[in-house]
Structures are given as C-alpha cells and as structure tokens.
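Here is how the chains run, residue by residue.
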Amino acid sequence: MNVRKFVRSFGYAFKGIITACAEQNFKSHLLSAGIVLIAGYFTDLSRIEWYIILLLIALMFALEMINTAIERVVDLASPTIHPLAKQAKDLAAGAVLVFAIFSAIIGLLIFIPKWFGH
C-alpha cells in the first residue's frame, strides 16, 4: 500500500466536499441539517433517534454529492442536450428528492410525538 497515495486521496476527498459546499442544493441541505440539529438539541431525542437523524443527514449529503458528480460527468460527456443525458440527470435528481422526502417523513415521525405528546 502506497501511504502517500492514500493520504493524497483524503485531500482529493476534502476538495470534493469543499466543491459540494459551493453548490446551491448542497447549501440548502446544510441549512436543513442545521435546523434539524438545532431542533434535536432542544428536543429530548433518544440516542437511537440521534443516530437515525445523523445517518439521514450524512446520507443526504452523500447522495447530493453523487448527484452532483453524475451531473458533471453527464455535462462533460454530453455538452449538448440529449434525451438520455437529461434522463440520467433527472434520475439522479429524483433519487435525491425521494430520499429527502422519506428523510423528512422519518424526521416528522421522530419529532412530532415529542413536540405534541403521544
């Protein structure tokens, strides 16, 4: 194992995270995550509920980054509008939306009973 390459790969990963942070959609996910974390701080969440919330946030960030990567690769491979390129981008964006909707549902199932009683 080449330690230098291994360490360098972390640098590339951090550059990817910084690149993602500049994206509008990623910023909206950061804002949403911040709101959820603040709400969680003021809500009596169990340890397992915190684990679920943190896992959903991490997966949302990762999925948004994968979506952005797919969009960039499609744009590079197909600079002109092509129906298959559009479908690839729409599918990736749809995956993010599906996960965001179900994450919101799970969040509501965790928070609402704590805020409004059982």
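Going by the structure above, here's the rest.
Notes on the structure follow. Source: prediction; values computed, not measured. (Residues numbered from 1 in each chain as written. Predicted model: local features only at pLDDT ≥ 70, side-chain atom pairs only at ≥ 80, totals over all residues. Heavy atoms only, no water.)

## Remarks on the overall build of the protein chain
Part 1: Assigned secondary structure in the protein chain consists of four helices and zero strands.
Part 2: For the protein chain, the N- to C-terminal ordering of α and β elements is α-α-α-α.
Part 3: Across the 118 residues that make up the protein chain, the buried fraction comes to 22%.
Part 4: By sequence separation, contacts in the protein chain at least 24 residues apart represent 71% of the contacts at least 6 residues apart.
Part 5: By element, 73% of the accessible surface of the protein chain is carried by carbon and sulfur atoms, the whole surface being about 8700 Å². (Helix = DSSP H or I, 4+ residues; strand = E, 2+ residues; numbered from the N terminus. Buried < 20%, exposed > 50% of the residue type's maximum accessible area, 1.4 Å probe, protein only. Contact = heavy atoms within 4.5 Å. Areas by Shrake-Rupley, 256 points an atom, 1.4 Å probe, with all protein chains shown as cover.)

## Details of the packing of helix H3 (residues 47-77) against helix H4 (residues 83-116)
Any two packed helices are characterised by the angle at which their axes cross and by the distance between the axes.
Part 1: Where H3 meets H4, the closest approach of the two axes is 10 Å, and the angle between their N-to-C directions is 170°. By the angle between their directions, the pair H3 and H4 is classed as roughly antiparallel. Taken as a pair, H3 and H4 cross one another with a handedness that is left-handed.
Part 2: Taken together, the residues of the contact of H3 with H4 sort by class into 19 nonpolar, two polar and six charged. (Axes fitted to C-alpha atoms, helices over the stretch in contact; angles between N-to-C directions. Parallel < 35°, antiparallel > 145°, perpendicular 65-115°, else oblique. Left-handed = near helix turned anticlockwise from the far one by under 90°. Nonpolar A, V, L, I, M, F, W, Y, C, P; charged D, E, K, R; others polar.)

## A few points about the environment of isoleucine 53
Part 1: In this structure, isoleucine 53 sits in helix H3.
Part 2: Those residues in contact with isoleucine 53 that sit more than four places away from it in its chain are Val36, Leu45, Ile110 and Phe111.

## Here we look at H4
Part 1: Here H4 contains 34 residues, and its C-alpha end-to-end distance of 47 Å stays within 8% of the 50 Å for a straight helix at 1.5 Å per residue.
Part 2: Every buried residue of H4 is accounted for by Ala85, Ala92, Val96, Ser103, Gly107, Ile110 and Phe111.
Part 3: Structurally, H4 contributes buried residues whose contacts are with helix H2 (24-41) and H3.
Part 4: Remark: glycine 117 follows H4 within two positions and exhibits a positive phi of approximately 80°. (Expected span 1.5 Å × (residues − 1).)

## Here we look at the nonpolar core
Part 1: Core analysis: the largest hydrophobic core is formed by ten residues, namely Ala20, Phe26, Ala33, Ala39, Leu45, Ile53, Ile57, Phe61, Ile110 and Phe111.
Part 2: Sorting the residues of this core by element identifies H2, H3 and H4 as the ones contributing at least two each.
Part 3: When residues no more than four places from it in sequence are discounted, the contact partners of alanine 33 are Ile57 and Phe61. (Core = buried A, V, L, I, M, F, W, Y, C linked by side-chain atoms within 4.5 Å.)

## Some details on the pattern of salt bridges
Part 1: One pass over the structure, following the stated rule, counts four salt bridges.
Part 2: Ionic pairing is found between arginine 72 and glutamate 23, a salt bridge with its closest N-O pair at 2.3 Å. With arginine 72 in helix H3 and glutamate 23 in the loop between helix H1 (3-21) and H2, the pair connects residues that are 49 residues apart, well separated along the chain.
Part 3: Residue glutamate 49 is joined to lysine 114 by a salt bridge in which the shortest nitrogen-to-oxygen separation is 3.3 Å. Separated by 65 residues along the polypeptide, glutamate 49 in helix H3 and lysine 114 in helix H4 bring together distant segments of the chain.
Part 4: Judged by relative accessible area, which is 16%, glutamate 49 ranks as buried. (Salt bridge = Lys/Arg side-chain N within 4 Å of Asp/Glu carboxyl O.)

Such coordinate-based values are descriptive only and should not be taken to indicate function.
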